[in-house]
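Architecture at a glance
For reference, the chains in residue letters:
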Amino acid sequence: QSVLTQPPSVSGAPGQRITISCTGTSSNIGADFDVHWYQQFPGAVPKLLIFNNHRRPSGVPDRFSGSKSDTSASLAITGLQPEDEADYYCQSYDKGLSGWVFGGGTKLTVL
Amino acid sequence: QVTLRESGPGLVKPTQTLTLTCTFTGPSFYTTGMSVAWIRQPPGKALEWLARIDSDDDKYFSKSLKARLTISRGTSKNQVALSLADMQPADTATYFCARMVKDGTYYFGDWGQGIFVSVS
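Here goes a summary of the coordinates provided. (Residues numbered from 1 in each chain as written. Chains lettered and ligands numbered in written order. Predicted model: local features only at pLDDT ≥ 70, side-chain atom pairs only at ≥ 80, totals over all residues. Heavy atoms only, no water.)

1. Some points on the interface of chain B and chain A
Across the boundary between the two partners, chain B contributes 21 residues, which contact 22 residues of chain A. For the pair chain B and chain A, the two sides together bury roughly 1,800 Å², of which 63% comes from carbon and sulfur. Scanning the region where chain B abuts chain A turns up 1 salt bridge. Linking chain B to chain A there are 11 residue pairs in polar contact (both at pLDDT 80 or more). Among the elements that take part in the side of chain B that touches chain A, strand S10 (residues 105-111) of chain B stands out by supplying 5 residues, more than any other. Per-class residue counts for the side of chain B that touches chain A are 11 nonpolar, 5 polar and 5 charged. (Contact = heavy atoms within 4.5 Å. Buried area = accessible area lost by both parts, 1.4 Å probe. Salt bridge = Lys/Arg side-chain N within 4 Å of Asp/Glu carboxyl O. Polar contact = N/O pair within 3.5 Å; in protein donor to acceptor, adjacent residues only side chain to side chain. Helix = DSSP H or I, 4+ residues; strand = E, 2+ residues; numbered from the N terminus. Nonpolar A, V, L, I, M, F, W, Y, C, P; charged D, E, K, R; others polar.)

Encoded structure:
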């Protein structure tokens, strides 16, 4: 059971907008720790997608955006493309555990 | 950007101790404020942070695995080693090392390719 809760799966048609939620508690996201997002294709290495809640590393399209509010965060993908099909993980810090925590991951299917 | 690569055995027996090495390119680990972490991912499951070591030798461990984990700076200036004792089938996973970046809070900026370790 992951500390951060994500939906196991989301889906959308090409061109649509989808969001992936990441729900935490007052020990992590609610304690004002930043949320970061990673994209992982099957059999591949996780790649940093969003850092510090909403910032994009160089090379990440602006179709990807992040937000954070209270004890949760969201990743939004607009103009969905078939190549966006991957697993997405949120990550933060938990002061109760004194460590870095991940969500359970969300599998995005592009219909 | 830092390039990281994990090495170690792909198969260990139950109760054995796993030792993995992370070798990375870039600035010397001893002279820069660098942090390296280990993360694992069982087949079909989520990512799990295991441990972190800083260039000044500060160390941090997952509470659930702390009793079994050791992390250290390697003999080479750009190596970090992780040991996990009493390996069990549930420890079967891909193990990644990653450079932790601090920009406000920490995130995992660069990742190694990962090494799959089976316990059987």
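2. Here we look at the state of the cysteines
All names here are of chain B. Tallied over the entire structure, the rule returns 2 disulfides over all chains. Across a sulfur-sulfur distance of 2.2 Å, Cys22 and Cys97 are joined as a disulfide pair. Here the S-S torsion is close to 70°, and the disulfide linking Cys22 with Cys97 is therefore right-handed. Of this pair, Cys22 sits in strand S3 (residues 18-24) while Cys97 is found in strand S9 (residues 93-103), placing the two residues 75 residues apart along the sequence. (Disulfide = S-S within 2.5 Å.)

3. A word on the packing of aromatic side chains
Under the definition given, this model contains 12 aromatic pairs over all chains. On the basis of an interplanar angle of 35° and a centroid distance of 5.0 Å, the ring pair of Phe51(A) and Tyr107(B) is categorised as tilted. Here Tyr107(B) lies in strand S10 and Phe51(A) lies in the loop between strand S4 (47-50) and strand S5 (64-69), a pairing that spans two chains. Looking at Phe51(A), the relative accessible area reads 8%, which means it is buried. Ring geometry for Trp100(A) against Tyr60(B): centres 6.1 Å apart, planes inclined by 90°, an arrangement best described as edge-to-face. (Phe/Tyr/Trp six-rings, centres within 6.5 Å; stacked < 30°, edge-to-face > 60°. Buried < 20%, exposed > 50% of the residue type's maximum accessible area, 1.4 Å probe, protein only.)

4. Focus: the nonpolar core
Membership of the largest hydrophobic core comes to 28 residues, with the highest contact counts inside it found for Phe24(B), Val36(B), Trp38(B), Val80(B) and Tyr95(B). For this core, the elements supplying multiple residues, two or more each, are S3, strand S4 (35-41), strand S5 (48-54), strand S7 (69-73), strand S8 (79-84), S9 and strand S11 (115-119) of chain B. The contacts of Val36(B), once residues within four sequence positions are left out, are Cys22(B), Phe24(B), Phe29(B), Ala51(B), Arg52(B), Ile53(B), Ile71(B), Val80(B), Cys97(B) and Ala98(B). Core analysis: the second largest hydrophobic core is formed by 22 residues, Ile20(A), Ile50(A), Ala73(A) and Leu80(A) among them. (Core = buried A, V, L, I, M, F, W, Y, C linked by side-chain atoms within 4.5 Å.)

5. Considering the side chain of Gln91(A)
Among the secondary structure elements, Gln91(A) is positioned in strand S7 (residues 87-94). Residue Gln91(A) is classed as buried on the basis of its relative accessible area, which comes to 0%. Of the polar contacts made by the side chain of Gln91(A), one reaches the side chain of Tyr38(A); its length is 2.6 Å. Only 3.4 Å separates the side chain of Gln91(A) from the backbone oxygen of Tyr106(B), close enough to count as a polar contact.

6. Focus: the environment of Leu4(B)
Residue position: Leu4(B) is located in strand S1 (residues 4-7). Counting along the chain gives 61 residues from Leu4(B) to Leu65(B), while the straight-line C-alpha distance between them is 23 Å.

7. Section: the sheet that holds S8(B)
All names here are of chain B. Judged by pairing direction, the sheet is antiparallel, and its 4 strands sit side by side in the order S1-S3-S8-S7 without closing on themselves. Edge positions in the open sheet fall to S1 and S7, since each of these has one partner strand only. On average, each strand axis in the sheet is inclined to that of its neighbour by 20°, with strand direction left out of account. Here S7 pairs with S8 via 5 bridges, running antiparallel. Note on S8: the bridge partner recorded for Thr70 is Ser83. (Pairing = 2+ DSSP bridges. Axes fitted to C-alpha atoms, helices over the stretch in contact; angles between N-to-C directions.)

8. Things to note about the pairing of S8(B)
Within a regular strand, the side chains alternate between the two sheet faces. Residues and elements named next belong to chain B. The buried fraction of S8 amounts to 6 of the 6 residues, a majority that puts the element mostly inside the structure. Alternating residues of S8 divide into Gln79, Ala81 and Ser83 and Val80, Leu82 and Leu84, and every residue in both groups is buried. Where S3 meets S8, 6 bridges bridge the pair, whose relative direction is antiparallel. Note on S8: the bridge partner recorded for Thr21 is Ala81. Joining the antiparallel neighbours S7 and S8 is a turn of 5 residues.

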